[in-house]
Structure formats: structure tokens, C-alpha cells
Amino acid sequence: MSHMSRPAQPMRGHDGHDGHDGEFEFWRNHATISLQPVAAPSILGLFGFAAATFVVATNLAGWYGSSATPQFLFPFAAFTGGLAQLLAGMWAYRARDGLATAMHGMWGAFWLAYGLLFLLVAIGVLTQPTPFVALGYWFVAMAAVTWSGAVAALAVNLGLAGVLTALAAGATTFGVGQIADSSAWRTTGAWFFIVAALIAWYVATAMMLEGTFRRVILPIGKRGGVNVPGREPRQSIQFVAGEPGIKVGQ
């Protein structure tokens, strides 16, 4: 007698109906969902980026300083631009914000590396070459990452897209300037960095005010709807402080 296999029978839920719901019935009945208040990590990340980028970029643009000045900038760059952004990137991961995780994480790591590099220069372990071709390729690599982020940010809000576009343009032109030893390209890149820092300060301020006042104070061009100053935000930046967890099932 030949053996004939029987087709698998669909699982049934409590209502007796066939369907995929029955397959996950056990997990639904034993799942626990807890909500934890999470502030927008990009408030910290953008403020850290804005401060460090502005201070370093104004020096690169020739606003102040001498050839020795970058040696005194590395602590600020490493901790304000590096550590603060890296922490923001990891908290953005907790908040399931892939774009902020990538941008703050990458640029935080970059500023930490930048600070370490100029620390080694300052203590005489390394001698800064002219032209600094290797540093140019650092910026080229970051430019490629940031251009990708700028495109992704168009789906989030125009303010963030503006920050990343200016930042990507700055990394591109400054990187080319370092590789080609062109002061004009380096200066252009520095000015793009200054613009990116100013936009980042505005966006971070708008997000912070929205989170504290519970209404839109400064618009940042959120996608999918218009946030009007004076009204409640289209999407809350954070959960209400102290919001309790919600349990589902036993």
C-alpha cells in the first residue's frame, strides 16, 4: 500500500477560523509590551555636531587661529562632536531610528578619530603631512555615507535633509581640497560645514522646543504633513513623561 502524505492543516484561533493568526496565538497570549519614554536622541546629537563642527570649521575657514590651533581643538572635537554624537547614535538605535543611528554613529566615530589624530600630532607622535592626503580620503568616505543619509532624510523632514546635504557637500569639497592640496576647495568645504552647523543648531533647537512646549515652535518641514507653529506636533517627539508600561496577555 502506497503512503500518501496529508496536507498540513491550518491552525485555528479561538474563534474557530482558519488563518495565520492561529500560528501566533501562543505568542500573543504570552507577550508583554512595555513602553519606555524616550526623548529624541538627535537633540543631543545635532547640538554636539553643530558645536564641534562650527568651532573646527571656522578655524578651517580662516576666521581665527594659527597653524597650531587645531592641536587645541581636538578635546572639543573628540568629546562634543565625537562622544556626544556616538551616545546619541546608540540611543537612536534604542529608539529604532535607523537614520539617526547611522549618521550620529558614523560622524561621532569620525570626530573621535579626528580628535585622536590631532592629539597624536600635538604630542609629537605624528607629523602632519602637507598635503594631508590621507585625511582627504577620510572626508571622501564620510561624504559617501552622508550623501546616502541626505537622500534618506528626505522621507523624514527637510531640516534634517538640509543638514546632511550641506554636510555631505562640505565633506566632498574639503576632501578634494586635501587630496589635491587646493586651499580654495578646502575653504569652500569649511563654509559648507559652517552652514551645516547652523542648520543643525536650528533643527535641534526646534526639536527641543517641541518636546518641552508640547507644540510646534519652529517648523522643520516634517514630511507627511505640516507642523504649524503654535499647534501640537503632527508626531510627538517623545512619550509623555512617566508613561506606564502596557501589558498584553499573561
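The structure contained in this document is the topic of the report that follows. (Residues numbered from 1 in each chain as written. Predicted model: local features only at pLDDT ≥ 70, side-chain atom pairs only at ≥ 80, totals over all residues. Heavy atoms only, no water.)

A short note on the pattern of salt bridges
So, point 1. Within this structure, the stated rule accounts for two salt bridges.
So, point 2. Put simply, arginine 186 and aspartate 181 hold a salt bridge, and the shortest N to O gap is 3.3 Å.
So, point 3. For aspartate 181, a relative accessible area of 39% puts it in the partly exposed group.
So, point 4. A salt bridge links glutamate 210 to lysine 222, with the shortest nitrogen-to-oxygen separation between them at 3.2 Å. Here lysine 222 lies in the segment after helix H7 (183-213) and glutamate 210 lies in helix H7, a separation of 12 residues in the sequence.
So, point 5. For glutamate 210, a relative accessible area of 4% corresponds to the buried category.
So, point 6. Exposure remark for lysine 222: the relative accessible area of 15% places this residue in the buried category. (Salt bridge = Lys/Arg side-chain N within 4 Å of Asp/Glu carboxyl O. Buried < 20%, exposed > 50% of the residue type's maximum accessible area, 1.4 Å probe, protein only. Helix = DSSP H or I, 4+ residues; strand = E, 2+ residues; numbered from the N terminus.)

Here we look at H7
So, point 1. Its 31 residues place the ends of H7 45 Å apart at the C-alpha level, agreeing with the 45 Å of an ideal helix rising 1.5 Å per residue.
So, point 2. Just downstream of H7, arginine 214 is the residue with a positive phi angle, here 60°. (Expected span 1.5 Å × (residues − 1).)

Observations concerning the packing of helix H5 (residues 133-153) against helix H6 (residues 158-180)
So, point 1. In the contact formed by H5 and H6, the axes pass within 7 Å of each other and the chain directions differ by 160°. Taken together, the axis directions place H5 and H6 in an arrangement best described as roughly antiparallel. Both H5 and H6 take part in a crossing whose hand is left-handed.
So, point 2. Its residues placed into classes, the contact of H5 with H6 shows 18 nonpolar, seven polar and no charged. (Axes fitted to C-alpha atoms, helices over the stretch in contact; angles between N-to-C directions. Parallel < 35°, antiparallel > 145°, perpendicular 65-115°, else oblique. Left-handed = near helix turned anticlockwise from the far one by under 90°. Nonpolar A, V, L, I, M, F, W, Y, C, P; charged D, E, K, R; others polar.)

Description of the packing of helix H3 (residues 70-94) against helix H4 (residues 98-122)
So, point 1. Interhelical geometry of H3 versus H4 gives an angle of 155° and a closest axis separation of 7 Å. Between H3 and H4, the angle is such that the two are roughly antiparallel. Judged by the twist between their axes, the crossing of H3 over H4 is left-handed.
So, point 2. Split by residue class, the contact of H3 with H4 holds 20 nonpolar, 10 polar and no charged.

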